[in-house]
Structures are given as C-alpha cells and as structure tokens.
Amino acid sequence: MTSTIAASPRRGRRPLAILAAAVAAVAVTGGAAAAATGPAAAVPAADPVRLTLPAPTGPAPVGTVSLHLVDRSRPDPWAGPGRYRELMISLWYPTHPGDHHPVAPWLTAGAGAAVLASEDIPPGKVVLPLTHGHEGSPVRRGHPLPVVLYSPGNDAIRSGNTVVVEQLASHGYLVVTIDHTYDGVVEFPDGRVVTPLPDGPHSTDIYQLRLADTRFVLDTLARLHAGRNPDAEHRPLPTGLAGGFDLHAIGMVGTSAGGATTASAMYADRRIKAGLSLDGPVLGPVVGAGLDRPYMLMEAKINRPDYPDLDAFWSRLRGWHLELRVTGAKHLSYSDYEALLPQLADVLGIDPADQIGSLDPTRGIAVQQAYPLAFFDRHLRHRGHLLDGPSAQYPEVMIVP
C-alpha cells in the first residue's frame, strides 16, 4: 500500500511558507517584515510586531546547541558529485538556573532570507521571536535523560515545533530536532543555505531520505554519548552531554510528513521505543506491517476515514495505541503557528482561524504542552495518568474509538 507522505501539496503558496517568510524577514533586516497573502500586500503595522513564544512549564531552564553532521556512508544524489549527505540538528535539554548564555533565535538569518525570497515578501514590521533555549549552556546532570527525536513536515523547519520541544526539554528530556536537507530550508555553519528542491523529491525518495537521516542521527547519538564530537567543524559541545542521556529510552515525534517519518523509522529501527504523530499520515512497509510498540496520533486533518492507509496501519498496531482529536484544531494547530499566527493577524491581513481553526490558541498551546509530554512520560518514564481517559482539564481533547 502507498500514500502521500505530505499532508498538502508541496509547492505553491502554502500557509506554513507564507508565515515562515513573514517572520523570517527580520533575520535579513534586523528589524521588520511585512507579508502578502495574495495579489495585494497587507498594510504593515506602524510599530514592529514583536513575536513571542510561550515559555515551557517545566522546572528546568532549557539549553540548546546545533550540530552540523556529515554522513560519509551516503553520497547525496541532490548535492552533486562527490558530496555526502549533510544535516543540521539541534539538541535541547535541561540546564541550570541562572545561566547567562544567550538565547537562540527561532530561525537563523540565512534560512530566514531564503524563505523570504521564495515568497517575494518585502521588508515590513515583524520581529522574529527568540526561543527560551540558552545556546551552549551545560547539561543538567542527574538521572540519564530520555531522548526524543523530532522530524518536521515537508518544506518545514526543525524549529517549527519549538513549543513542544522546549516543553519536553524543561521536563528533563534530551530532544533532537532534525532538518531534512532538500526537503526544507536549512542553513549550514559556513553560510550555505539549501532550499527544497523545486519540484520536491519523489515521495519514495523522501521516505528513504528521511528514514536514513533518522537512523544516522540515532547512530550519532551513540557517538555523543560515548564522548565523541560529531560536529563537522568540531565546535565545542555543552559540558555534561557525554554520558548524560539514556539510549534505551528513545522516542520520536513528527508533524505531518514527520509523523509518517516517525512510523517508518519505528518500523525500521527498534531503538525507537515510542512514536507520536502530530497530524501525520503513514507511508511504506509500516502500513502493511503495523507496529508492536506504543504509538499515538493527534489528528485534525489526517484521520482514518479519509486516509485508508492510516486506517489499515491502525488495524495492525499490536502495542499500546491511542488516537486523539482536538475540537476546533486544524493541521497547523500542532505547531508554533498556534502561538504566532494570532500575533501576525493584522500584519498578514488574515483571520487566524482560517489556518489554525476555531480552538482558542491559549488552549491549543496548553494541549501541545500537556499531551506529548504525557505520552513520552508514560512510555519512556512509566509515569502519569493523563492518557488513561478523557480529562476534565482538557475538555477539547477527545479519544477516538
């Protein structure tokens, strides 16, 4: 069986790209950006709109570091002769209170410029948000940290679910976010910016590309745990990283196409003990084989009645599994755009509900912070009861029978 790995067409003026271009403009100008949503541009605001992301709720501050990886076992067919597969990843983890390392930007300058240029959006009045992750801060030591990998959707960026990522890190997880080169915009340390292929790789190529990326990152984690530095430029790593996480407690979460990547990676690699799909389909052999480990789907657009492969896959799940539907959510609700789009409504000239649904954004953020954490707490730490049944605290979340 086959299905499309993307939840929407790859090319064209997709809402995700429009928003990313709008917020990326500050990376080029150092200040402002306006956005167009159609033939006519929206009138920029008089004062810059300074975008913010909600703070994580965990007891620990968050640290982060980016790594440039080169997989010399894989020539990259899209990079040209003699070039190997290159990835950018970021690590997010708990650090110590009072850390004075600077916080990381949500999107790098070069990646922002590329997204902006792809949408023909001129400078305007938007200031890019900062994350809550302190760059290069030491890893808080104690019990080894369980690990969660994150895979974004097609044409998306690894920072697109920072709300979920920081929440997990603040509660004691090492989270590894992955940019799938040529299937999204990514900037490398030397300033090179790689954008998605004009027509997109064939869906089968995407499946193989993302799957191999994920397994390479898993191998890289073993090197990090052993105290080696896999960064291509050998930039310093945070203190406390070596030996600081648990390679026997690895989960994975993905949004849209990243959800499909999660299911496929679990099927191909038993190092991944639990998988969470944020409104993602399924693709490849896992459709017919199913899984024997915990799997959860938080759905909006991607549901079993409309996606036969997902329904077939679901019938073959032999481990713990759960499907949740959030009332009023749309596809972009399971991302940072739940927080960012309402702040950009006037600049973009849009009704945010058209993109993120009728769910109150503060409730959408609360759901994003609670349910992925509850899933990995249950299956990597064996604690918590939120997923035992419907919750009066989250009445908008329904369990799909």
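Residues numbered from 1 in each chain as written. Predicted model: local features only at pLDDT ≥ 70, side-chain atom pairs only at ≥ 80, totals over all residues. Heavy atoms only, no water.

Asker: I tried to follow the overall build of the protein on my own but got confused; where do I start?
Answerer: Assigned secondary structure in the protein consists of ten helices and 15 strands. Looking at the protein as a whole, 59% of its 401 residues are labelled buried. Across the protein, contacts joining residues at least 24 apart in sequence account for 76% of those joining residues at least 6 apart. Here the protein displays about 15,300 Å² of accessible surface, and carbon together with sulfur accounts for 56% of that area. (Helix = DSSP H or I, 4+ residues; strand = E, 2+ residues; numbered from the N terminus. Buried < 20%, exposed > 50% of the residue type's maximum accessible area, 1.4 Å probe, protein only. Contact = heavy atoms within 4.5 Å. Areas by Shrake-Rupley, 256 points an atom, 1.4 Å probe, with all protein chains shown as cover.)

Asker: Whenever I open this one, the confidence of the model for the protein confuses me. Can you help?
Answerer: Should pLDDT be low for a region, the predicted coordinates there are not to be read in detail. Looking at the protein, pLDDT values average 86 and 84% of them are 70 or higher. Below a pLDDT of 50 lies the segment residues 1-45, which in the model reaches 134 contacts outside its immediate sequence neighbourhood of four places, other chains included. (pLDDT = per-residue confidence, 0-100.)

Asker: Is there a simple way to explain the packing of aromatic side chains in this structure?
Answerer: Each aromatic ring pair is described using two quantities: the centre-to-centre distance and the angle formed by the ring planes. All chains considered together, the criterion is met by seven aromatic pairs. Taken together, Tyr295, Phe313 and Trp314 form an aromatic cluster joined through their ring pairs. We note Arg381 situated over the ring of Tyr173; from NZ or CZ to the ring centre the distance is 4.3 Å. (Phe/Tyr/Trp six-rings, centres within 6.5 Å; stacked < 30°, edge-to-face > 60°. Lys NZ or Arg CZ within 6 Å of the ring centre and 35° of its normal.)

Asker: I'm lost on the pattern of salt bridges in this one. Help?
Answerer: Close approach of charged atoms lets side chains of opposite charge pair. Counted according to the given criterion, the structure contains 21 salt bridges. The salt bridge partner of Asp292 is Arg270, with a shortest N-O separation of 3.3 Å. With a gap of 22 residues between them, Asp292 in the loop between helix H6 (286-289) and strand E13 (295-299) and Arg270 in the loop between helix H5 (257-268) and strand E12 (272-278) connect regions that are remote in the sequence. Here Asp292 falls in the partly exposed class, since its relative accessible area comes to 35%. Each of Asp71, Arg74, Asp76, Arg85 and Asp213 takes part in a single network of salt bridges with overlapping partners. (Salt bridge = Lys/Arg side-chain N within 4 Å of Asp/Glu carboxyl O.)

Asker: So what exactly am I meant to see when it comes to the packing of helix H8 (residues 337-348) against helix H10 (residues 361-381) here?
Answerer: When two helices pack together, you describe them by how their axes are tilted relative to each other and by the distance separating the axes. Packing of H8 against H10 brings their axes to within 9 Å, and their N-to-C directions diverge by 160 degrees. Here H10 runs roughly antiparallel to H8, going by the angle between their axes. Helix-helix and strand crossings are classified by hand; for H8 and H10 the assignment is left-handed. Across the interface between the two elements, Glu338, Ala339 and Pro342 from H8 touch Pro361, Gly364, Ile365 and Gln368 from H10. Tallied by class, residues from the contact of H8 with H10 come to four nonpolar, two polar and one charged. (Axes fitted to C-alpha atoms, helices over the stretch in contact; angles between N-to-C directions. Parallel < 35°, antiparallel > 145°, perpendicular 65-115°, else oblique. Left-handed = near helix turned anticlockwise from the far one by under 90°. Nonpolar A, V, L, I, M, F, W, Y, C, P; charged D, E, K, R; others polar.)

Asker: What should I look at first to understand the sheet that holds strand E2 (residues 62-75) in this one?
Answerer: Strand pairing in a sheet relies on backbone hydrogen bonds. The paired strands run either parallel or antiparallel. Pairing is mixed in the open sheet, where eleven strands are placed in the order E4-E6-E2-E3-E8-E7-E11-E12-E13-E14-E15. On the outer flanks of this sheet lie strand E4 (103-105) and strand E15 (397-399), each paired with one strand and no other. The mean angle between the axes of side-by-side strands here comes to 30 degrees, regardless of whether they run parallel or antiparallel. Bridge count for strand E3 (residues 84-94) against strand E8 (residues 174-179) is five bridges, and the pairing is antiparallel. Residue pairing in the sheet places Ile89 in a bridge with Ile178 of E8. Here helix H3 (residues 162-170) sits on the sheet in contact with E2, E3, strand E6 (130-135), strand E7 (145-151) and E8, set at roughly 55 degrees to E3. (Pairing = 2+ DSSP bridges.)

Asker: How should the nonpolar core be read in this particular structure?
Answerer: If you look at soluble globular proteins, the nonpolar side chains tend to sit buried side by side. Ranked by internal contacts, the top residues of the largest apolar core, which has 43 residues, are Leu91, Leu174, Val176, Leu221, Tyr295 and Phe313. Of all the elements, helix H4 (residues 203-225) adds the most residues to this core, at seven residues. Among the nonpolar cores identified, the runner-up in size contains 34 residues, and Ala169, Val326, Phe375 and Phe376 belong to it. (Core = buried A, V, L, I, M, F, W, Y, C linked by side-chain atoms within 4.5 Å.)

Asker: When you look at the side chain of Asp336 in this model, what are you seeing that I'm missing?
Answerer: Secondary-structure assignment places Asp336 in the loop between strand E14 (321-326) and H8. In this structure, Asp336 is buried with no salt-bridge partner, the nearest side chain bearing the opposite charge being Arg158 at 12 Å. If sequence neighbours within four positions are ignored, Asp336 has contacts with Leu53, Trp106, Ser159, Gly160, Asn161, Thr162 and Val163. (Lys, Arg positive; Asp, Glu negative; His and termini not counted.)

Asker: Just to check I follow, could you spell out the pairing of E13 for this structure?
Answerer: Side-chain direction in a regular strand flips from residue to residue, so the side chains alternate between the two faces of the sheet. Burial of E13 is extensive: five of the five residues sit out of reach of the surface. Judged by which residues are buried, E13 turns out to be covered on both faces: Tyr295, Leu297 and Glu299 on one side and Met296 and Met298 on the other are all buried. Where E12 and E13 come together, four bridges link them in parallel fashion. Counted as the bridge partner of Ser277 is Leu297 from E13. Where E13 lies against E14, five bridges are found, and the strand directions are parallel. Looking across to E14, one finds that Tyr295 is bridged to His321. Since E13 and E14 lie parallel, the crossover through helix H7 (residues 308-315) that links them has a hand, and here it is right-handed. (Right-handed = clockwise from strand over helix to strand, strands pointing away.)

Asker: Explanation requested: the environment of Phe188 in the structure shown.
Answerer: Note on placement: Phe188 falls in the loop between strand E9 (186-187) and strand E10 (193-194). Those residues in contact with Phe188 that sit more than four places away from it in its chain are His68, Glu86, Leu87, Met88, Thr181 and Val194.

Asker: Would you explain H5 in this entry?
Answerer: Given 3.6 residues per helical turn, the α-helix brings residues three or four places apart onto the same face. Spanning twelve residues, H5 covers 16 Å between terminal C-alpha atoms, matching the ideal 16 Å at 1.5 Å per step. Of all twelve residues in H5, ten are buried; the element is thus mostly enclosed. Every buried residue of H5 is accounted for by Ala257, Gly258, Gly259, Ala260, Thr261, Thr262, Ala263, Ser264, Ala265 and Met266. (Expected span 1.5 Å × (residues − 1).)

Asker: Hey, could you run me through the packing of H3 against H10 in this one?
Answerer: Packing of H3 against H10 brings their axes to within 9 Å, and their N-to-C directions diverge by 50 degrees. Taken together, the axes of H3 and H10 are oblique relative to one another. Judged by the twist between their axes, the crossing of H3 over H10 is right-handed. When H3 is examined against H10, the residues Val163, Val164, Gln167 and Leu168 are found in contact with a partner set consisting of Ile365, Gln368, Gln369, Pro372, Leu373 and Phe376. A class-by-class count of the residues in the contact of H3 with H10 yields seven nonpolar, three polar and no charged.

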